[in-house]
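Spelled out, the chains give:
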Amino acid sequence: LEDRLRGCKPSYGHLCLAALMTLDRVRIVWTTNFDQLIEKACAHPTVADKLPRALAVAGLELPDKASDLLRDESWPLLVKLHGDFQYRKLKNTAPELQQQDETLRKHLAEECGRRGLAVTGYSGRDASVMSTLSEALDAKAPFPHGLFWFIRPGEKPVQAAQDLIVR
């Protein structure tokens, strides 16, 4: 993975996401990607000095760190649901993706009960994440600021995403 990701640069979309963080329009990013493109976008010279604080990152290697960062509202925050390729804990294969880390899963569901969620660049093919989003619908007032699922023109969301949106 390191060889494959070496030299990769943040896309325009990554830079836009980082810019939204500087404006306090995006506080938490939940990602299944295990690259460091969001971190690189936040470190970009046009962004880094404008962030309210350095990007905080939590993932599989220290799930309790996510608990602390969420409790302290350490925005902007990046939570890597499938880990980071630089650490040993990584979820990538079908058997590994069957179950989400319980701490991160709990936090994702709780935050969906407090905030809205905009899903971009995610297909919805990971059953562990989709079941967490589905469970979030059981909250007292799920997605109080909305659930938005962005897809490319001409594409259709996978059935799991359609079912979640309808529900």
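The structure under discussion appears in the preceding block.
All values reported here derive from a predicted model rather than from experimental measurement.

Criteria and cut-off values
- Residues numbered from 1 in each chain as written.
- Predicted model: local features only at pLDDT ≥ 70, side-chain atom pairs only at ≥ 80, totals over all residues.
- Heavy atoms only, no water.
- Helix = DSSP H or I, 4+ residues; strand = E, 2+ residues; numbered from the N terminus.
- Buried < 20%, exposed > 50% of the residue type's maximum accessible area, 1.4 Å probe, protein only.
- Contact = heavy atoms within 4.5 Å.
- Areas by Shrake-Rupley, 256 points an atom, 1.4 Å probe, with all protein chains shown as cover.
- Arc of directions from axis to C-beta.
- Polar contact = N/O pair within 3.5 Å; in protein donor to acceptor, adjacent residues only side chain to side chain.
- Pairing = 2+ DSSP bridges.
- Phe/Tyr/Trp six-rings, centres within 6.5 Å; stacked < 30°, edge-to-face > 60°.
- Axes fitted to C-alpha atoms, helices over the stretch in contact; angles between N-to-C directions.
- Parallel < 35°, antiparallel > 145°, perpendicular 65-115°, else oblique.
- Nonpolar A, V, L, I, M, F, W, Y, C, P; charged D, E, K, R; others polar.

## Quick notes on the overall build of the protein
Of regular secondary structure, the protein possesses eight helices and five strands. Traced from its N-terminal end to its C-terminal end, the protein shows the element sequence α-α-β-α-α-β-α-β-α-β-α-β-α. Looking at the 167 residues of the protein, the share that counts as buried comes to 40%. Considering only residue pairs separated by 6 or more positions, the protein has 65% of its internal contacts joining residues 24 or more positions apart. Counting only carbon and sulfur atoms, one obtains 52% of the accessible surface of the protein, whose full area is about 10100 Å².

## Overview of helix α5 (residues 63–71)
Among the residues of α5, P63, A66, L69 and L70 are the ones counted as buried. Projected down its long axis, α5 carries its buried residues within an arc of 110°, all on one side. Those residues of α5 that are exposed and angled more than 90 degrees off the buried face are D64 and R71. Looking at the buried side of α5, the elements it contacts are β1 (28–31), β2 (56–59), β3 (77–80) and α6 (102–112). Phi turns positive, to about 50°, at E73, one or two residues after α5.

## A few points about the environment of K50
The topology assignment puts K50 in the loop between α4 (45–48) and β2. For K50, a relative accessible area of 55% gives the class exposed. With 32 residues separating them in the primary sequence, K50 and A18 have C-alpha atoms 9.7 Å apart. For K50, the side chain forms a polar contact with the main-chain oxygen of T46, separated by 3.1 Å.

## Some thoughts on the pairing of β1
Residues I28 and W30 point to one face of β1 and V29 and T31 to the other, with burial holding for every one of them. The sheet contact formed by β1 and β3 spans four bridges and is parallel. Paired with V29 across the strands is L78, a residue of β3.

## A look at the packing of aromatic side chains
This model, assessed by the stated rule, comprises one aromatic pair. Their ring planes at 45° and their centres at 6.0 Å tell us that Y122 and W149 sit as a pair that is tilted. With Y122 in the loop between β4 (117–119) and α7 (127–136) and W149 in strand β5 (residues 147–149), the pair connects residues that are 27 residues apart, well separated along the chain. Here Y122 falls in the buried class, since its relative accessible area comes to 17%.

## Describing the packing of α5 against α6
Packing of α5 against α6 brings their axes to within 8 Å, and their N-to-C directions diverge by 30°. In terms of their interaxial angle, α5 and α6 are classed as roughly parallel. Contacts between α5 and α6 involve P63, D64, A66, S67 and L70 on the former and, on the latter, T103, L104, H107 and E111. The residue inventory of the contact of α5 with α6, partitioned by class, reads four nonpolar, three polar and two charged.

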